[in-house]
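# Chains, contacts and geometry: an overview
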Amino acid sequence: MKQIEINNPIEKDINRNELVLNQNAGSLIFTNTTGNQRVQLTGKDGGNIYINNKVVSTFAPSNCQSLTKGSKFDTTEGSSYERSYQDMEKRAGGDVTIITGNVAQFTDDLNKKWLDTFLPVAVAKTAPEMQYPAIGNNTNAVFEGNGSPNSDGSGAASGGKWKKSEIDVQKLIEEVTPELTEIEAQMGIGGNIKLVAAKQLFLEAGTTPANFDSSIIIKEGIPVDGEYTINSDKSHVINKKAVPILQETDTSSTLPFGDVHVKANGKLMLEGGSGGVDVNTIGNAKLTTSGRLLLGGADVTIGGGTSNNAGTVRVNVDNDVFIESGNIITTSAPTIKTNAISQYSIKSPITVIDGDLHIAGDLHVTGEITAGKDIVAGWGGRNVSLLKHTHSQGKDSGDNTQVETNKPSNG
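In short, a report on the structure. (Residues numbered from 1 in each chain as written. Predicted model: local features only at pLDDT ≥ 70, side-chain atom pairs only at ≥ 80, totals over all residues. Heavy atoms only, no water.)

## A word on the overall build of the chain
The following threshold applies: Here a strand is any run of E in DSSP of at least two residues, a helix any run of H or I of at least four, and the numbering for each starts at the N terminus. For a compact globule the rule gives 2.2 Å times the number of residues to the power 0.38, and the radius of gyration it is set against comes from C-alpha atoms. Residue exposure (1.4 Å probe, protein chains only): buried if accessible area is under 20% of the type maximum, exposed if over 50%, otherwise partly exposed. A contact between two residues is defined here by any heavy atoms of the two lying within 4.5 Å. Shrake-Rupley sampling with a 1.4 Å probe provides the accessible areas, and residues are treated as covered by the protein chains on show and by no other component.
Within the chain, the secondary structure is distributed over three helices and 14 strands. For 411 residues, the compact-globule formula gives about 22 Å, and the C-alpha radius of gyration of the chain, at 43 Å, lies well above that figure. Overall, the chain is about 170 × 60 × 35 Å in size when its C-alpha atoms are taken along their principal axes. The 411 residues of the chain split such that 8% are buried. Put simply, 37% of the contacts in the chain that link residues at least 6 apart link residues at least 24 apart. Carbon together with sulfur atoms contributes 50% to the accessible area of the chain, which is approximately 37,600 Å² in total.

## Description of the pairing of strand 4 (residues 38-43)
For clarity, the cut-off: Criterion used throughout: strands pair if DSSP finds at least two bridges between them.
Pairing geometry for strand 3 (residues 26-31) and strand 4, over six bridges, is antiparallel. Counterpart to Leu28 in the pairing with strand 4 is Leu41. Connecting strand 3 to the antiparallel partner strand 4 that follows it, the hairpin turn spans six residues, and Gly35 within it adopts a positive phi of roughly 85 degrees. Sheet topology note: the strand 4/strand 5 (residues 48-52) ladder contains five bridges and is antiparallel. Its bridge partner being in strand 5, Gln40 is matched across the sheet by Tyr50.

## Regarding unusual backbone geometry
For Asp109, which is not glycine, the phi dihedral falls at a positive 55 degrees. Using a relative accessible area of 45% as the deciding quantity, one classes Asp109 as partly exposed. Phi is positive for Asn309, which is not a glycine, with a value near 55 degrees. Inspection of the secondary structure assignment puts Asn309 in the loop between strand 12 (236-248) and strand 13 (376-377). On the basis of relative accessibility, which here comes to 66%, the residue Asn309 falls in the exposed class.

## Some details on the pairing of strand 3
Relative to strand 3, strand 2 (residues 16-23) runs antiparallel, the two sharing six bridges. In the strand pairing of strand 3, Leu19 is matched with Phe30. Where strand 2 folds back on strand 3, the antiparallel hairpin that results is connected by two residues.

## Some words on the environment of Ser274
Of note, Ser274 is situated in the loop between strand 12 and strand 13. Among the residues examined, Ser274 registers a relative accessible area of 87% and is labelled exposed. Distance from Ser274 to Val260, taken between C-alpha atoms, is 25 Å for residues 14 residues apart in sequence.

Right, here's the structure in full:
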């Protein structure tokens, strides 16, 4: 043991004392100098534990291991940093929970208070600029109309005469800003989770995929109207045919593994580069929203197909379907059917039908009819040819009609 004591009459308030204990396996040093006290335990290989009034540090020249039989708690009042120059693995036999943000955001409903405070501004922003009647898509808030609809008889808001909204959104924002600022101050700073990978990011839940059937496909499931059969007398008969139907089944909702749940109470943003975005599942996929759903791209393809050729595509809406193209719209199928309960109309400068036209009803034309060939009225033995039929001045056994003419009087 070596003990050194230095007495300096000039520095009588400074205690300079150091105790050094050297052994073959390492050394233990106590430095008692006023203001620079330290304790250092050093092993023969250089590993050490260093303690002073500013820091506690450890150095392991090779591996560093610890084992805790019970629970382990680490608390850092400042910031915490952990770095590995090579791989890092954290493994838990139970759950892994990561929570960020001020505790008050969970215990004091600060987020709800902020939303409630901002609600008048949100309602004002939702209100239409012109006071036509409308309904909020999520809150079902009713915006009363103040004016008159389109005078063309449609009752449409577009083209009507409406008074401009008098709601001052900017003023509302100024009124609620102080309270919002106070709530945000209570939230504190931080509360975010950032995951950044210089290369790939891989997320997986479960170790084995579930390959159960999620639906059953009935290839000849429901009857629909098929093609018409045109008889020799020009009457017609509708033929029925069966089309596929898919029925969902629930085989995987109770699995104790394999689920990934992502919930964004504000906005969910997914962005991909030139590699694209692929979403693949052998189960049912649903993409729903109470707002607008926008699908766009240089080429948009929607298809339905199965291994037994039973794919279907169905479009169902409450009110209106509008399809517009800057060039051409093409539909192609062995049989194409459109059913209108009230009326079916085509508005076009020219309508071309390439093939026979069978109309099961009356034909009313307000313009000319030009036929390249004959027009025949009736069928069986009572048909009349407009091209071959001629009228005489009286009865003609070769004519199936009678035409009476008024001759001028001689008297």
